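Results of the structural survey
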Amino acid sequence: MGYQPRRKSSPKGAIHEYKKTLHEKSKNRKHTRKLTGGTIQEEKHFATEKEITEVTLKRLHVLGSQKFGSSPFNEHFDRWLIDVAIVLGEFESHPNIGVDDQYVRDRSQTLTVIKQQLEKRSKKESSLDQEITNLTYYKNRLKQINTEYAKIMAVIKKRKKLEIKRLNRSIEQLKKEQDRVIRLKTGFFRGISRKGKEQKEIDIGQKLNVKQRELELIVLAFSVEQKKLREKYEVSREPVVERIKKFQKIYKNLETDGSLEERWFACEELVDSINSFLQRKSTQKPNIS
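A few points on the structure. (Residues numbered from 1 in each chain as written. Predicted model: local features only at pLDDT ≥ 70, side-chain atom pairs only at ≥ 80, totals over all residues. Heavy atoms only, no water.)

**Here we look at helix 4 (residues 101–126)**
Counted at 1.5 Å a residue, the expected span for helix 4 with its 26 residues is 38 Å, and the 37 Å between its end C-alpha atoms agrees. Looking at helix 4, one finds that the buried residues are Tyr 103, Arg 107, Thr 110, Leu 111, Ile 114, Leu 118 and Glu 125. (Helix = DSSP H or I, 4+ residues; strand = E, 2+ residues; numbered from the N terminus. Expected span 1.5 Å × (residues − 1). Buried < 20%, exposed > 50% of the residue type's maximum accessible area, 1.4 Å probe, protein only.)

**Structural notes on helix 7 (residues 259–284)**
Helix length check: helix 7, at 26 residues, gives a terminal C-alpha distance of 38 Å against a target of 38 Å (1.5 Å per residue), a fit within 8%. Those residues of helix 7 that are buried lie in contact with helix 2 (49–64), helix 3 (77–92) and helix 4. (Contact = heavy atoms within 4.5 Å.)

**Considerations on the side chain of Lys 281**
If you trace the backbone, Lys 281 turns up in helix 7. When its relative accessible area of 18% is taken as the criterion, Lys 281 is described as buried. Among residues more than four places away in sequence, those in contact with Lys 281 are Glu 49, Asn 96, Ile 97 and Gly 98.

**So, the packing of aromatic side chains**
Taken as a whole, this structure holds 7 aromatic pairs when the rule is applied. The ring centre of Tyr 149 lies 5.2 Å from the NZ or CZ of Arg 237, which sits over that ring. Its end group placed over the ring of Trp 80, Arg 263 keeps NZ or CZ at 5.4 Å from the ring centre. (Phe/Tyr/Trp six-rings, centres within 6.5 Å; stacked < 30°, edge-to-face > 60°. Lys NZ or Arg CZ within 6 Å of the ring centre and 35° of its normal.)

**Regarding a nonpolar patch on the surface**
The grouping of Leu 217, Leu 220 and Val 224 at the surface amounts to a nonpolar patch, some 250 Å² of accessible area in total. By secondary structure assignment, the location of Leu 220 is in helix 6 (residues 194–254). Here Leu 220 falls in the exposed class, since its relative accessible area comes to 52%. (Patch = residues over 30% accessible without salt bridge, like charges linked within 9 Å, V, L, I, M, F, W, Y side chains within 5 Å. Areas by Shrake-Rupley, 256 points an atom, 1.4 Å probe, with all protein chains shown as cover. Salt bridge = Lys/Arg side-chain N within 4 Å of Asp/Glu carboxyl O.)

**Quick look at the pattern of salt bridges**
Enumeration according to the criterion identifies 13 salt bridges in this entry. Between Glu 49 and Lys 281 there is a salt bridge, and its shortest N-O distance comes to 2.9 Å. Pair noted here: Glu 49 is in helix 2 and Lys 281 is in helix 7, with a separation of 232 residues, a long-range link. The class for Glu 49 is partly exposed, based on a relative accessible area of 25%. Here Arg 121 and Glu 262 are joined by a salt bridge, their closest N and O atoms 3.3 Å apart. Here Arg 121 is found in helix 4, whereas its partner Glu 262 is found in helix 7, with 141 residues between them in sequence. Via salt bridges that share partners, Glu 163, Arg 166, Lys 211 and Glu 214 belong to a single interconnected network.

**Notes on the nonpolar core**
Leu 60, Trp 80, Val 84, Leu 88, Phe 91 and Ile 274 are the most contacted members of the largest nonpolar core, which totals 25 residues. Among the elements of the structure, helix 2, helix 3, helix 4 and helix 7 are those that each provide at least two residues to this core. Residue contacts for Leu 60: discarding those within four places in its chain leaves Val 87, Leu 88, Cys 267, Leu 270, Val 271 and Ile 274. Counting 21 residues, the second largest nonpolar core, distinct from the first, contains Tyr 149, Leu 174, Leu 229 and Phe 247. (Core = buried A, V, L, I, M, F, W, Y, C linked by side-chain atoms within 4.5 Å.)

Take a look at the structure:
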């Protein structure tokens, strides 16, 4: 078998470089066709008056019903106004639309009003942090009043309990003494006359009546004191509670998107302005016989 020289293969790098060049040329050809428009060139389509009007009215209805997720809602106001301006701008700049002065006045008036309303509402929402601070302050104040009332009432109740306990103890002792005198009166104990026993019974009965009356007066006095304390603290609490209700209402209003109704009316007015303009435009078109 004779010697056959081995064929020298090309380096792998050269092959890859060759393939890459072909790929790039193919890409360049495609790119060139795209730039020149190829054999087919699309014609730009302009919407008719009816089409642009339908799209505009639909977008205005959507913007009028747009809800903002969470507060602060004023962060969305500028973007919403820009969206409305874009929709109106696309309508007014369309070659098939030629707005008149009346439409421009109506549209400008509506936009001015809604901008002022949103600015006013934005200022209110900007005070939300302050209203929260106010609400927190009055809630803490009410808590202090209630705590102070509870402490003083607890002291009164403790005094009342001690006084009643002291008087009840005295009454119990007098009743025991009364029972003992009654037993002496009916028994045959020496050293005490019957008259002395009767007098002692009368004395104990009087003391017992005094203590019982004293108990009634003590209970009544503490009831009056507790009532006065409640009245005093009700007077202190009432204005604080009213302030809390006020700031809770403000906070609740600021936590809901109150601009929705205003924005809806504004979009409806813009829709009316467009419809009125189109109606005027239709009546001004010359009749072609």
